[in-house]
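In case you want the letters, here they are:
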Amino acid sequence: MDYTFLLTWGKDNALTVAAVLITLFLIYHYVIERDKGVKLSKKYRHSIFEAQSRIFLNATQYLISGNKDLAIKEFLSAVDLNRETIDTYFALGGLFRSNGEIEKAISIHRSLIARESISESTRLQALKELALDFDKGGFIDKAIETYKDVLRINRDQQDVITNLCRIYEDIEDWDQAYNYRIMLSKVGPQNQSETISHILVQKAKTLFENGQYKACAEELEDAFRFAPSVSAKILRLRLYIVMGKMEDANGLLLELLKEHPMYATFIFVSLDGFNKKLPERAEYFERLDKLKHYFLGLDDVDLMGAPSVVLSKIRLLKDLKKTDEAMSLLDGWMKGHGQSDVLKVEYIKILIEVGRVEEALFHTRTLLETLHSSLTRHYCSQCGYNSDDIFWRCPQCHSWETIQFRWKV
Ligand SMILES: [Zn+2]
C-alpha cells in the first residue's frame, strides 16, 4: 500500500487542515462556553457562533478549492473580534509566514493593527508579528522600522532587540549594532560584553583600514574594556606593528599564542592583510617580517605541541624557501605527535619536494585510511558552517569566534 499520496496531499493542503482545525476549535469553545456563559444571552451567543462558523466554513471552502486570497478575505471579514477570533488571526498569520507567503501574513497583521476595537497589547503583538513578517521576507528597512515602532510602545522587548542586533550585525552597521547590544545588556539576563567587544573591534578595523590609527586605538581601548577577545588582540598587534612598537608586538604575539594556540594560522593570515594603498605599507611589511622571524625563533615546548603553531611555522619557512628547516620541524612533529591531518599533508608535500617519494607514499596511504575529507578550510564549531574565508562572526548561527581550521582537499 502506497501512502505517499496522503503525505503529498497533507503538504499541499496544510492550510485547509488548519482551517478545519480552527473551525473545530471554535465549535469546541462554543460548546464549552455555552454551558458556563453568563454575561451574554443564549440567543446572542448563538448568533455570534453562527456568523463565525459561516465565515470559517466559507473560508475552508475557498481553501479546499485553492482560492487562498478569498479565504483570507473571508477570515478578515470576521465581524466579531473576541479573544478566539484574534487568536485565529494570529494563528493564520503565523501559518502564512512559516509557509513563505509573506504578503498574506503581512495583510493579516496589518488588518489587525488597523482595528479600532482591539486592546493595546493585541496591537503591540500584531506589530511584532508584522515586523517578523518583514524580517522573514527580507524587507530589512521595513523590519527595522517596525521593530523600532514596537520598542517605542514598549522598550522592554528582549526578542525584538535581539532581532535588531542580528540585522545590524548582518548589514555591518556597527554603530547601531553597538547601540542595540548595549540596550540588550540592560534588558536581558545574558552578559553581552564579549559581543560588544567584537562589535567595537569591527568598528576599529574599519578605521585601521582607512589609516586612522589614533581613532582606531581609541575604539580598540573601548573594546578591551568590555572583553579582551582574540580579534581585539590581533588588531592591537597590527597597530603595534604600524606604530613600530616591536617590543610590545613580540610580547603580545607570544601572549596570544600561549592563550590561543589554535588561532596561530589565523593570526598570521590576519597580519598579512594590510591596505596596500596606505603610505605605511613598506614599513609595515618590513616590521612584520621581523615579527615573523621572532616567531620562528620561539622554541617553547608547550607552543610547539599545537598543530596550528607548527603549521604556521612550516608555512613561514616555506615562504622563506627554508625547506630543510621545515622538513626537520615536520620530521620531529611526526615522531612526537603525528595526529594532525593538516600537518600530515604538509609533510607529504615536503617529502615529495625533497624527493623522499617512498616515505611520501607510505604517509599518503596512512593518511587516506584515517582521512575525514572536507571541501573547505574553515568551519564553525557551533553549527558546522563551512567557508574558505576567515569569519569572526559565523554567518549561519551568528556566534563569535567559533571558527576552526582543517585541511582542504
Ligand atoms: Zn555557526
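Residues numbered from 1 in each chain as written. Predicted model: local features only at pLDDT ≥ 70, side-chain atom pairs only at ≥ 80, totals over all residues.

Checked against the element boundaries, K349 lands in helix 19 (residues 341-353). According to the C-beta neighbour criterion, K349 is partly exposed, with 14 such atoms within 10 Å. Note: C-alpha distance between K349 and A360 (eleven residues apart in sequence) is 7.7 Å. (Helix = DSSP H or I, 4+ residues; strand = E, 2+ residues; numbered from the N terminus. Buried ≥ 20, exposed ≤ 12 C-beta atoms within 10 Å, placed from the backbone.)

Ordered in space as 2-1-3, the three strands form an open sheet in which the pairing is antiparallel. In this open sheet, the two strands that pair with only one neighbour each are strand 2 (386-387) and strand 3 (403-405). Where strand 1 (residues 378-380) lies against strand 2, two bridges are found, and the strand directions are antiparallel. From the neighbouring strand, Y379 faces strand 2, where its bridge partner is N386. (Pairing = 2+ DSSP bridges.)

Turning our eyes to something else, we now look at helix 13 (residues 230-243). When the terminal C-alpha atoms of helix 13 are compared, their 20 Å separation across 14 residues agrees well with the 20 Å that a helix rising 1.5 Å per residue should span. Counting buried positions over the 14 residues of helix 13 gives 13, a clear majority of the element. Two residues or fewer past helix 13, G244 is found with a positive phi of approximately 80 degrees. (Expected span 1.5 Å × (residues − 1).)

Our focus in this paragraph is the confidence of the model for the protein. The predicted model of the protein averages 82 in pLDDT, with 76% of residues at 70 or higher. Ignoring residues within four places in sequence, the model shows residues 35-41, a span with pLDDT below 50, making two contacts including any to other chains. (pLDDT = per-residue confidence, 0-100. Contact = placed C-beta atoms within 7 Å.)

We now examine the packing of helix 7 (residues 120-137) against helix 8 (residues 140-153). The description of two helices packed together rests on the angle between their axes and the distance between the axes. Two numbers describe how helix 7 lies on helix 8: the axes approach to 8 Å, and their chain directions differ by 160 degrees. Comparing their axes, helix 8 and helix 7 come out roughly antiparallel. Read as a crossing pair, helix 7 and helix 8 show a hand that is left-handed. Judged by residue contacts, L124, L127, K128, L130, A131, F134 and D135 of helix 7 engage K142, A143, T146, Y147, D149, V150 and I153 from helix 8. Here the contact of helix 7 with helix 8 is built from residues that sort into nine nonpolar, one polar and four charged. (Axes fitted to C-alpha atoms, helices over the stretch in contact; angles between N-to-C directions. Parallel < 35°, antiparallel > 145°, perpendicular 65-115°, else oblique. Left-handed = near helix turned anticlockwise from the far one by under 90°. Nonpolar A, V, L, I, M, F, W, Y, C, P; charged D, E, K, R; others polar.)

Attention now goes to unusual backbone geometry. Even without a glycine there, the phi angle at E172 is positive, about 55 degrees. Here E172 lies in the loop between helix 9 (158-170) and helix 10 (174-187). A residue is classified by how many C-beta atoms lie within 10 Å of it, and E172, with 13 of them, is partly exposed. In this structure, K321 takes a positive phi of about 60 degrees despite not being glycine. Among the secondary structure elements, K321 is positioned in the loop between helix 17 (307-319) and helix 18 (323-336).

This part is about helix 8. Between the first and last C-alpha of helix 8 there are 20 Å, a value that for 14 residues agrees with the 20 Å anticipated at 1.5 Å per step. Residues of helix 8 that are buried: A143, I144, T146, Y147 and V150. The secondary structure elements touched by the buried residues of helix 8 are helix 7 and helix 9.

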